[in-house]
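Descriptive structure summary
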Amino acid sequence: MKKVYFISGLGADKRAFSFLDLSYCEPVFIDWPTPSANETLQSYALRIFQTINDEEAIIVGLSFGGMLATEIAKKYPQTKVILVSSCKTYKEIPGYLRFWRYLPLYKLHSNRLKKLSGMVPSKVLGVTGAEQKKIQRQILNDSDPAFTRWAIGAILNWKNMTVPPNITHIHGTADSLLPYKYVQPHHTIEGGAHIMIMDKAIEVSELLRKIVLA
C-alpha cells in the first residue's frame with residue numbers, strides 16, 4: 001500500500017480530510033512546524049519536506065497546502081504532487097485577494113476576531129451540512145492566530161510562476177475563494193466548492209485514488 005502525505009489548508013489539520021475514503025493508501029498527515037519570523041512560503045515548504053524526506057513521495061496539498069506542495073514539486077521533480085482546491089502560481093490567486101498585501105488588515109487577526117468571523121469562512125469555503133459545519137468550527141477554534149497571520153503574509157508575498165510537470169491539479173467549479181476561472185486545473189469537479197473534500201468527498205476520493213495508483 002502506497003504512503004501518501006497530506007498537507008492541509010491554512011489553519012486546518014487532518015480533520016479537513018476526514019470525509020475522504022483513503023483506504024487505498026497509507027495516509028500521513030503533516031503537522032505544522034512553527035514558522036520563523038519573516039520566513040518565506042518557499043523556505044517553509046522545503047522545511048516541511050524535511051519531515052517527509054522521500055524524493056519520490058506522493059503528496060496531496062489542500063489549498064494553502066497545495067502552494068507549499070508546489071514549491072516541493074519544483075525542488076524535487078521525482079515527487080508526485082496533487083493539488084486540491086489550490087493554485088500553482090500567484091497569478092491564479094485573484095487580484096482582489098492579492099490586494100490585501102497593500103492593506104494588511106489580516107495582521108489584526110486575534111482569537112476574538114477568529115470567533116466572531118466564524119460564519120464568514122463557512123460561506124466562502126462552501127461548508128454545508130451539520131457535520132461539516134461542526135468540524136469547520138472546531139478547526140477555526142483550534143487555529144493559531146499567529147500562524148494565520150504569518151501564512152497570509154507568506155501567501156501574499158508568494159511570487160511563483162513556475163508550474164512543474166510533476167503536479168496534478170484538481171479544482172471545483174463552485175470555488176468561491178480561488179475561483180475556477182482563474183486556475184487551469186487538470187481535473188474538474190462540477191459544483192465543487194473550496195471545501196469539496198467534504199461536500200464532494202466521494203468524487204474527490206475516487207479521483208485521488210486513480211491519480212495515486214496510476
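Reference entry: report on the structure contained in this document. (Residues numbered from 1 in each chain as written. Predicted model: local features only at pLDDT ≥ 70, side-chain atom pairs only at ≥ 80, totals over all residues. Heavy atoms only, no water.)

1. As for helix α7 (residues 145-156)
Between its first and last C-alpha, α7 extends 17 Å over twelve residues, near the 16 Å set by a 1.5 Å rise per residue. Summarising burial for α7: nine of the twelve residues are buried, a large majority. The complete set of buried residues in α7 reads P145, F147, T148, W150, A151, G153, A154, I155 and L156. (Helix = DSSP H or I, 4+ residues; strand = E, 2+ residues; numbered from the N terminus. Expected span 1.5 Å × (residues − 1). Buried < 20%, exposed > 50% of the residue type's maximum accessible area, 1.4 Å probe, protein only.)

2. A few points about the packing of aromatic side chains
One pass over the structure, following the stated rule, counts eleven aromatic pairs. With a centroid separation of 5.9 Å and an interplanar angle of 25 degrees, the aromatic rings of F17 and F29 are classed as stacked. Highlighted residues: F17 in the loop between β1 (2-7) and β2 (25-29) and F29 in strand β2, separated in sequence by twelve residues. Note on F64 and W150: the rings are 6.3 Å apart at their centroids and 75 degrees apart in plane angle, and the pair reads as edge-to-face. Of this pair, F64 sits in helix α2 (residues 64-75) while W150 sits in helix α7, placing them 86 residues apart in sequence. Neither F64 nor W150 differs from the other in exposure class; each is buried. A network of ring pairs unites the aromatic residues W32, Y44, F64, F147 and W150 as a single cluster. (Phe/Tyr/Trp six-rings, centres within 6.5 Å; stacked < 30°, edge-to-face > 60°.)

3. Structural notes on the packing of helix α1 (residues 41-52) against α2
For the pair α1 and α2, the least separation of the axes is 8 Å and the interaxial angle reads 75 degrees. Our classification of the angle between α1 and α2 gives roughly perpendicular. Contact residues: α1 offers L41, Q42, Y44, A45, L46, I48 and F49, while α2 offers F64, M67, L68, E71, I72 and K75. Here the contact of α1 with α2 is built from residues that sort into ten nonpolar, one polar and two charged. (Axes fitted to C-alpha atoms, helices over the stretch in contact; angles between N-to-C directions. Parallel < 35°, antiparallel > 145°, perpendicular 65-115°, else oblique. Contact = heavy atoms within 4.5 Å. Nonpolar A, V, L, I, M, F, W, Y, C, P; charged D, E, K, R; others polar.)

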